[in-house]
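Survey of secondary and tertiary structure
What follows is the residue order along each chain.
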Amino acid sequence: MGHNQFLGTSHISDERGIEREKKFSNVKNIYRVVEKAADLGCKGMIIETHPRMLEFLRYYKENETFEIDFYLQIPCLNVYIQKMNEQALSGLILEIIKRGGIKTVSSSLMKNFINYLKKDYISIAVSFLQFELKPFRDVNIKSIFLQNVFTDLLLSLQIYPALEEYLTFVDEEMGIKPGFITLNFELFKKSFEELGIKPPTVMTPVNPGGYDMSPSRSAVEKALKEYKGEIIAMNILGGGAFSLYSSYQYLKSFDNIKRCVVGASSDEHLKELIKLFRQ
Amino acid sequence: MGKIMDINLEKSSFPEKKITGALKVGVIGAGKMGLLHSGIFNNLNGSVLSAISEKKKIISEVIKQCVSGIEVYQNYQEMLENERLDIVVITTPVFLHKKMIEDALNHNAHVFVEKPLAINGQECRSLLSKSYKNKTMVGYCRRFMDTYKTAKKLIEEKELGSINDFTAHIFVAQVFRQGKGWFYDPEKSGGGVLMDLGSHAIDMIHYLFGGIKQVRASGRSIYSKEVEDYVSVDLLMNSGVIGSLEVSWSVKDYRLPELYIEIHLDYGKIITTEKYIKFFLEKDTPSLKKGETCYYKQHLTKDVPINLAGPEYTLEDLHFLNCINNNQKPLCDLHEAAKTNFVIDKIYSSIKTNATEEINYEI
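Residues numbered from 1 in each chain as written. Chains lettered and ligands numbered in written order. Predicted model: local features only at pLDDT ≥ 70, side-chain atom pairs only at ≥ 80, totals over all residues. Heavy atoms only, no water.

Scanning chain B from N- to C-terminus turns up twelve helices and 15 strands. Over its C-alpha atoms chain B spans a radius of gyration of 21 Å, differing by no more than 12% from the 21 Å that the globule rule assigns to 363 residues. The buried share of chain B, reckoned over its 363 residues, is 57%. Restricting the contact set of chain B to residue pairs at least 6 apart, pairs at least 24 apart contribute 68%. Put simply, chain B shows about 15,100 Å² of open surface, and 48% of that area lies on carbon and sulfur atoms. The average position of the 45 basic charges and that of the 46 acidic charges among the side chains of chain B differ by 1 Å. (Helix = DSSP H or I, 4+ residues; strand = E, 2+ residues; numbered from the N terminus. Rg over C-alpha atoms; globule rule 2.2 N^0.38 Å. Buried < 20%, exposed > 50% of the residue type's maximum accessible area, 1.4 Å probe, protein only. Contact = heavy atoms within 4.5 Å. Areas by Shrake-Rupley, 256 points an atom, 1.4 Å probe, with all protein chains shown as cover. Lys, Arg positive; Asp, Glu negative; His and termini not counted. Charge placed at Lys NZ, Arg CZ, Asp CG, Glu CD.)

When its secondary structure is counted, chain A shows twelve helices and seven strands. The buried share among the 279 residues of chain A stands at 58%. Within chain A, counting contacts between residues at least 6 apart in sequence, those at least 24 apart form 72% of the total. Of the roughly 12,400 Å² of accessible surface on chain A, 51% is carried by carbon and sulfur atoms.

A word on helix 9 (residues 185-195) of chain A. Residues and elements named next belong to chain A. Burial analysis of helix 9 places eight of its eleven residues in the buried class, the great majority of the element. Where helix 9 is concerned, the buried positions are Phe185, Glu186, Leu187, Phe188, Lys189, Lys190, Ser191 and Phe192. Glycine 196 occupies a position one or two residues after helix 9 and carries a positive phi of about 70 degrees.

Residues and elements named next belong to chain B. Within the open sheet, the nine strands sit side by side as 14-13-12-11-7-10-9-8-15. Their pairing is mixed. Looking at strand neighbours, the two that pair on one side only are strand 14 (291-296) and strand 15 (357-358), the edges of this open sheet. Here five bridges tie strand 11 (residues 258-265) to strand 12 (residues 268-272), and the two strands are oriented antiparallel to one another. Bridging across to strand 12, glutamate 262 finds its partner in isoleucine 271. Running over the sheet, helix 9 (residues 193-209) touches strand 7 (163-171), strand 8 (212-220), strand 9 (230-237), strand 10 (242-248) and strand 11 and is turned about 155 degrees from strand 10. (Pairing = 2+ DSSP bridges. Axes fitted to C-alpha atoms, helices over the stretch in contact; angles between N-to-C directions.)

The subject of this paragraph is the side chain of B:His200. Tracing the backbone through its elements, the reader meets B:His200 in helix 9. Excluding its chain neighbours within four sequence positions, the residues that come into contact with B:His200 are B:Lys115, B:Gly139, B:Tyr140, B:Cys141, B:Arg142, B:Ile170 and B:Leu259.

Our next topic: the sheet that holds strand 6 (residues 136-138) of chain B. Residues and elements named next belong to chain B. Taken in spatial order, the six strands make up an open sheet running 3-2-1-4-5-6, and their pairing is parallel. Sheet topology places strand 3 (71-73) and strand 6 at the edges, where each strand pairs with a single neighbour. Averaged over all neighbouring strand pairs, the angle between strand axes comes to 20 degrees, with direction disregarded. Note: strand 1 (residues 23-28) against strand 2 (residues 47-53), six bridges, orientation parallel.

Residue and element names in this part refer to chain B. Domain assignment breaks chain B into domain 1 (4-140) and domain 2 (143-304 + 333-358). Of note, the centres of domain 1 and domain 2, computed from C-alpha atoms alone, are 28 Å apart. Summed over both partners, the interface of domain 1 with domain 2 buries about 1,900 Å², with 70% contributed by carbon and sulfur atoms. If you look at where domain 1 meets domain 2, you find one salt bridge. With a closest N to O distance of 3.5 Å, lysine 115 and aspartate 196 form a salt bridge. The tally of links between domain 1 and domain 2 comes to six residue pairs in polar contact (both at pLDDT 80 or more). Elements represented by at least two residues in the side of domain 1 that touches domain 2 include exactly helix 6 (121-128) and strand 6. When residues in the side of domain 1 that touches domain 2 are grouped by element, the largest group, five residues, is from helix 6. (Domains from an automatic or database assignment. Buried area = accessible area lost by both parts, 1.4 Å probe. Salt bridge = Lys/Arg side-chain N within 4 Å of Asp/Glu carboxyl O. Polar contact = N/O pair within 3.5 Å; in protein donor to acceptor, adjacent residues only side chain to side chain.)

This paragraph deals with the pairing of strand 2 of chain B. All names here are of chain B. Burial analysis of strand 2 places seven of its seven residues in the buried class, the great majority of the element. Following the backbone out of strand 1, through helix 2 (residues 32-41) and into the adjacent parallel strand 2, one traces a crossover that is right-handed. Examined bridge by bridge, strand 2 and strand 3 share three bridges and lie parallel to one another. Each residue of the ladder has a partner; that of alanine 51, found in strand 3, is glutamate 71. (Right-handed = clockwise from strand over helix to strand, strands pointing away.)

Of all hydrophobic cores here, the largest spans 102 residues; its most connected members are A:Met45 and A:Phe70. Not counting the four nearest positions on each side in its chain, A:Met45 is found in contact with A:Met1, A:Phe6, A:Ile30, A:Val34, A:Met53, A:Phe56, A:Ile68, A:Asp69, A:Phe70 and A:Tyr71. The next biggest cluster of nonpolar side chains, apart from the first, holds 52 residues, and it includes B:Leu160, B:Val175, B:Met195 and B:Ile212. (Core = buried A, V, L, I, M, F, W, Y, C linked by side-chain atoms within 4.5 Å.)

Bringing the pattern of salt bridges into the picture now. On inspection of all chains with the given rule, the structure shows 23 salt bridges over all chains. One salt bridge connects A:Glu230 with A:Lys177, and the closest N-O pair in it is separated by 2.8 Å. Residue A:Glu230 is located in the loop between helix 10 (217-226) and strand 6 (231-234), and its partner A:Lys177 is located in strand 4 (residues 177-181); the two are separated by 53 residues in the primary sequence. Residue A:Glu230 is classed as partly exposed on the basis of its relative accessible area, which comes to 27%. Since its relative accessible area comes to 38%, A:Lys177 is described here as partly exposed. With its nearest N and O atoms 2.8 Å apart, the salt bridge here joins B:Arg143 to B:Asp203. In this pair, B:Arg143 sits in the loop between strand 6 and helix 7 (146-157) while B:Asp203 sits in helix 9, placing the two residues 60 residues apart along the sequence. Within the structure, one salt-bridge network assembled from shared partners comprises A:Lys189, A:Glu193, A:Lys222 and A:Glu226.

Following this line, the structure appears as structure tokens:
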């Protein structure tokens, strides 16, 4: 189950987004929809470090009337964009250092931080990742997915060591299955082939309109069919722009896609979705 | 160009990247927009990222470590001196734009600058007082969104008749307490929400409806001390059409910016946002059916070679490259973008004087 609807997002209409925002500002309503989804056979749910998702997780831990795996998407961009607006870049960096466990930040520490960063930006990224994962220690995190904005920026600038470090750290140090989200699947597949790394788990748009399937639907279709790693299809309904049946038929044409993420905000929608996918 | 040559780009269906003859791109400012354009230009046929200049040491150090095969500078003038750049992309705070544009043009580069063009109309007039042979473009990216492009086509085809009036708003949930950074310092940003979000709306009003004759406006600071958080404007267009615009970055529930435009015409209305275009017709026309029609952006999407934060950014960079290669005028060059600054100046004047202000587009 996708989570955007719980954060007041609609990919086709802002009015619908505002309605959802009102409904799901009470996390009990999120819990109720997810509980229903779990009852109907949904096995996992996407989450991120958005304050509302953290509140939902606390509520889930307190009640826990159903079992579900969580798929964590990192980092939560909205939170950091808001922080940048409120504190500027220097304020955000200071907050990250403080959250890393250091209570007072002197100018010499800031200087050392820059020197440290010069030597080893990967270590800083890893500390940042550990910080992002703190709230999720007590829940069952099945996989961690790097947001498409980061994955695609790293790919576009060919910052390959960061991709490799991310895979190694999440897999070996944390014992969690790492994954990526990308809107540029052909480039993603090609880059990992060139790197000679075992194809990682990937979440990527697969829909009959070719929406967010760059560079083109046909190129992505070809790459998807050739991919040896695990694929989780996302954006399958284009946020509601494509019909459920046409999306389902399209998805069925890929033998190697066994899982998909889909959003639902009501019981009726859930029942309809799960009934079709169970066929 | 080591990092690109390291990869064999001729294999499989990976888009072929022609390194020979590719235009060399240098980016000034490695914030969100700088990195975005860096990634896009690095992946388009016909261009390659050669250098980035970022004043903040902490960021330039990270880029040096992460991105191989490019030169990284802290001083943009050094970058302009040392690199023979074909294209310079400027994504710095607004108050730095004018000097950087002039310096880049004086180094014979084509210039792409993020919106708004400059801090006020006076700076724009100074920029436009000299003529340059190189191409320029300002990043009003909504001109490359298919929903607004479809609205423009519908207006131009006149199947819904002539425009009577329009209402528009651009809202986002962003400022609910005093913010920090150059955005909230009028000396550096030129103003508050009107300069930031409002400039997109005014550019789109020019794109859809043409020139503006008069404005009358009111504005208010709610959370910010030095800049406005809310502006309301009544507009009279040169065509006689009247319109209204509301601009705010302090409206709850809008996670992402929404530019909503509702246009009333002789035989129906058009409503468009970033996400959809709807039109309502009172009667059948030669090519359109009576009733409501709605297209979501997902239906109108076009293929782009790389998608980093929305296809519109790739489409605008591609458009700029095509204009350079085919010697064509970019859709929103310095002259076109300066119009938005001229209107913003008059809106601020109207807020101060509480009077109707006439727009002067003369250079």
